[in-house]
Amino acid sequence: MRDSIRAAIFALFCLLGTLGPGRALAQGDPGNLHTFTGANGNTVEAEVLDLLDGMVVIRRLSDGQRFELPANRLAQQDVDFMRAWLAAREASRHPLGWKTLRVHLPEAADAVEAPGIPAAFRRTGPYSFEAELPEGAWVLVKLWREGGGEHAPQFLLPYDGERDWFFSFQDSRLEVAPDPAGPMRKVGIAIQAEDDEAALRSMKGEFPAEGIALYAGFIDAADVSALRGTKLTSLVVGKLPEYSIVKDADVRALRVTDTVVDSGGLASCDSLEYFEVPYSGDFPLETLGGLPHLRTLIADGELDLESADSAFASLRHLSLADAEIEGAGALTAFLGKAAGLQSLIFPDYQEIDVTGIAQCAELTALSLGNECLDHGAKGVSALNALTIALLNAHYTAAEIANLAGDGRFAKVRTLGVSHVFDFSQAPFLREVHLTGDQVGFPLSRLSQLPKLSGLVLYFASDADLEGLEEAGPNLLSLKSLTLQSPNVVDLSPLTGLPALERLSVRDQLVTFEQKLVEIDLSECARLRQLELTRLQNTTRVATGAAPLTALLLRSCAELTRIEAEPGDSLTELVIDNCRNLNPPNSLTDRPGLQVKRVDSP
């Protein structure tokens, strides 16, 4: 792969006659956006997508259309840009060849994740997310609709190397296209509670021959009978009475949201590539080890690692986050049976020796729970392909410095640590996950990361936000900030972040010592999306004239007052279980504004 990329760079340079003695490669990352100049002097603002067979593939920003430009006809300034673009792409290429997928969702309240791959997706806009994924991974699309929660449609979709997914969801049908104006393809259907057996039989006629992603709140015996003879790409359900439909419909991915007791019939589901079923009691690990194509496993239940006699040769993505691990001493032996793992998530509140991860040479995405122990950093120090590394506070400052100095962070894009280090040893770092009040990592040190685009901060204190404010003038790329369970009284320091566009604040409990009663973000001049979720102390929110596109308020029971004067940019307002809030007419009476209100009884 690397040789082919180098060949493409060399071929382009030779084709354009610009690679000569003394002509150095452009340094740094020029980004993907560029203004191209035609032979007639006309210009087009575009995003560079690829270089294929001597053609520069671009997407015009004005309307999203794709074009191909002959590389040998580019203007000189465009040649210089493409040389730098290719060099940057080569330098930042994923060590395992994972590709970039960008997902564009219908509504700002929708979300997407790659189960089994920690922190895979980063939000890049009110409706867009981006992730690096391997072909064969599964993507979970969650569409928030009135009713919310697990009643909202969810679809598991296979990733086959596409660059963009543009989604549309109408009449319970999910469609996707590779371009904003491209032809749509039906990939998912949501079964409604009112759909009877006749409706289901009729629905079968819509299923493409290659299968469909199906969502249903539950499936009972009548539903199973009605869907016989179909092929399902994936199945997401609340309850599953038996596994026969999984086998008969050649289901490749299964997600059940309610607990299951019986594993009868699971051993014959040979088509399964993805399995996420919470068990009340013993998780069927040994049975799953016999499934030949299983690549993604989300374990939930009592997991006895000593019972795993089978080899998990095909397993690439494993989450143990919700598992109650028994026989934890057998973890090293178990990982030896799954040496091909590329991503791994451990639980938070179980003390586990994870040094055995050293056997998984291709491990590139890792999330360690707060009680995981890696003595002397022997496990992580053996991993050469890390791109997502969510470590914990057990690593000492010296161990972190050694890991960085040995090149373990050289390709890392997303990092969670508790100690500062020489950031020049992580040149592609774009998102940081931190726990607040860490003496080893004062937030003022983030000023040394001018290319940082995302920050996730857990249990932030007021002192943390003051440190973030101090770093603010240098954080010219920090567009996205998530505050998880902040123990603060004031968010005004965030106004010192000059590029902040997306802010999510979640889970401040009434038991916190510091209570976030009022939120005033009037001075956040670029804020486009604000999400406030489960803030149990907040009564007032002011956003002033911030250019909001989406305002999402969920489970803020004490919220009574909102003060906002956004212009015509506001297109989506969600008020979910904020029963005491009555927003002013000046906010809700706007042409084209979607207002969704859900008040729990």
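Above: the structure in question.
A short note on a negative patch on the surface
On the surface, Glu466, Glu469, Glu470, Asp490, Asp520 and Glu523 cluster together to form a negatively charged patch. Broken down by element, the residue count for the negative patch peaks at three residues, all from helix H9 (residues 462-471). Inspection of the secondary structure assignment puts Asp520 in strand E30 (residues 518-520).

Structural notes on the packing of aromatic side chains
All told, the structure shown has ten aromatic pairs when counted by the stated rule. Between the aromatic rings of Trp165 and Phe167, the centroid separation amounts to 5.8 Å while the plane-to-plane angle is 75°, which identifies the pairing as edge-to-face. There is no split in this pair, since Trp165 and Phe167 are both buried. By the ring-pair criterion, three or more aromatic residues cluster together here, those being Phe409, Phe421, Phe423 and Phe441.

So, the side chain of His317
Within the element layout of this structure, His317 appears in strand E19 (residues 317-326). Assessed through its relative accessible area of 0%, His317 is described here as buried.

Some points on helix H8 (residues 397-405)
Regarding H8, the residues found buried are Glu399, Ile400, Leu403 and Ala404. Each buried residue of H8 lies within a common arc of 135° when the element is viewed along its axis, so the set occupies one face. One or two steps after H8, the chain reaches Gly407, where phi turns positive at roughly 85°.

So, the pairing of strand E16 (residues 253-256)
The two faces of E16 match: Ala253 and Arg255 on one face and Leu254 and Val256 on the other face are all buried. Where E16 meets strand E17 (residues 274-276), three bridges bridge the pair, whose relative direction is parallel. Within E17, the residue paired with Arg255 across the bridge is Glu276.

Description of the sheet that holds strand E10 (residues 154-158)
Across the sheet, which stays open at both edges, the three strands sit in the order E6-E9-E10 with antiparallel pairing between neighbours. On the outer flanks of this sheet lie strand E6 (111-113) and E10, each paired with one strand and no other. When the angles between neighbouring strand axes are averaged without regard to direction, this sheet yields 20°.

Quick word on H9
Along H9, the residues classified as buried are Asp462, Asp464, Leu465, Gly467, Leu468 and Ala471. Here the buried face of H9 lies against strand E27 (454-458) and strand E28 (480-484).

A word on the pattern of salt bridges
In the structure shown here, the tally under the stated rule is 30 salt bridges. With its nearest N and O atoms 2.8 Å apart, the salt bridge here joins Arg201 to Glu197. One end of the pair is Arg201 and the other is Glu197, both in helix H3 (residues 197-203) and four residues apart, which spans about a single turn. Through salt bridges that share partners, Glu47, Arg59, Arg66, Arg102, Arg163, Asp164 and Asp179 make up one connected network.

A few points about the pairing of strand E14 (residues 212-216)
For E14, the tally of buried residues reaches five of five residues, placing the bulk of the element in the interior. Residues Ile212, Leu214 and Ala216 point to one face of E14 and Ala213 and Tyr215 to the other, with burial holding for every one of them. In this region the chain leaves strand E13 (residues 185-191), passes through H3 and returns to the parallel neighbour E14; the handedness of that crossover is right-handed. The pairing of E14 with strand E15 (residues 232-237) spans five bridges and is classified as parallel. Paired with Ile212 across the strands is Leu232, a residue of E15. Following the chain from E14 across helix H4 (residues 221-226) to the adjacent parallel E15, one finds a crossover that is right-handed.

Some points on the nonpolar core
Core analysis: the largest hydrophobic core is formed by 129 residues, its most contacted members being Tyr243, Phe275 and Leu446. Of all the elements, E19 adds the most residues to this core, at four residues. When near neighbours in sequence (up to four residues on either side) are disregarded, Leu446 contacts Leu434, Phe441, Leu452, Leu455, Leu468, Ala471 and Leu475. Grouped together as the second largest cluster of nonpolar side chains are 38 residues, Ile117, Leu143, Leu174 and Tyr215 included.

Re the sheet that holds strand E1 (residues 33-37)
Strand order in this open sheet of four strands is E1-E2-E3-E4, and the pairing throughout is antiparallel. Lying at the two open borders of the sheet, with one neighbouring strand each, are E1 and strand E4 (66-70). Recorded for the sheet is a direction-independent mean angle of 50° between the axes of neighbouring strands. As paired elements, strand E3 (residues 55-60) and E4 share five bridges and run antiparallel to each other. Residue pairing for E4: Met55 is matched across the bridge by Pro70.

Here we look at the environment of Ser314
One can find Ser314 in the loop between strand E18 (296-304) and E19. When neighbours within four sequence positions are excluded, Ser314 is seen to be in contact with Pro292, His293, Leu294 and Arg295.

Definitions and limits used
Note on numbering: residues in each chain are counted from 1, in written sequence order. Given that this is a predicted model, residues contribute local features only at a pLDDT of at least 70 and side-chain atom pairs are listed and counted only at 80 or more, while totals for whole chains, interfaces and linings are drawn from all residues. The side-chain figures draw on all heavy atoms in the structure; neither hydrogens nor water molecules are used. The residues that make up patches have over 30% relative accessible area and no salt bridge, and they are joined within 9 Å when like-charged or within 5 Å when they are Val, Leu, Ile, Met, Phe, Trp or Tyr. Values of accessible area rely on a 1.4 Å probe in the Shrake-Rupley scheme; residue burial ignores everything except the protein chains shown. One speaks of a salt bridge when a side-chain nitrogen belonging to Lys or Arg is within 4 Å of a carboxyl oxygen belonging to Asp or Glu. Positive charge is attributed to Lys and Arg, negative charge to Asp and Glu, and no charge count is given to His or to the chain ends. Taken as the charge centre is NZ of Lys, CZ of Arg, CG of Asp or CD of Glu, depending on the residue. The helix count covers DSSP runs of H or I at least four residues long, the strand count covers runs of E at least two residues long, and both are numbered beginning at the N terminus. For Phe, Tyr and Trp, rings pair up if their centres lie within 6.5 Å, where Trp contributes its six-membered ring, and each pair is then called stacked (planes under 30 degrees apart), edge-to-face (over 60) or tilted (otherwise). We call a residue buried when its accessible area falls under 20% of the maximum for its residue type, exposed when it is over 50%, and partly exposed in between, using a 1.4 Å probe and counting protein chains only. Think of it as the arc spanned by the lines of direction from the helix axis to the C-beta atoms. Strands are treated as partners if at least two bridges between them are detected by DSSP. A fitted line through C-alpha atoms represents every axis, and for helices the fit uses only the stretch in contact; the resulting angles, taken between N-to-C directions, go from 0 to 180 degrees. Any two residues whose heavy atoms approach within 4.5 Å are treated as being in contact. Viewed with both strands pointing away, a crossover whose connecting path from the first strand over the helix to the second turns clockwise is right-handed. Definition of nonpolar core: a set of buried residues of the types Ala, Val, Leu, Ile, Met, Phe, Trp, Tyr and Cys, connected through side-chain atoms within 4.5 Å.

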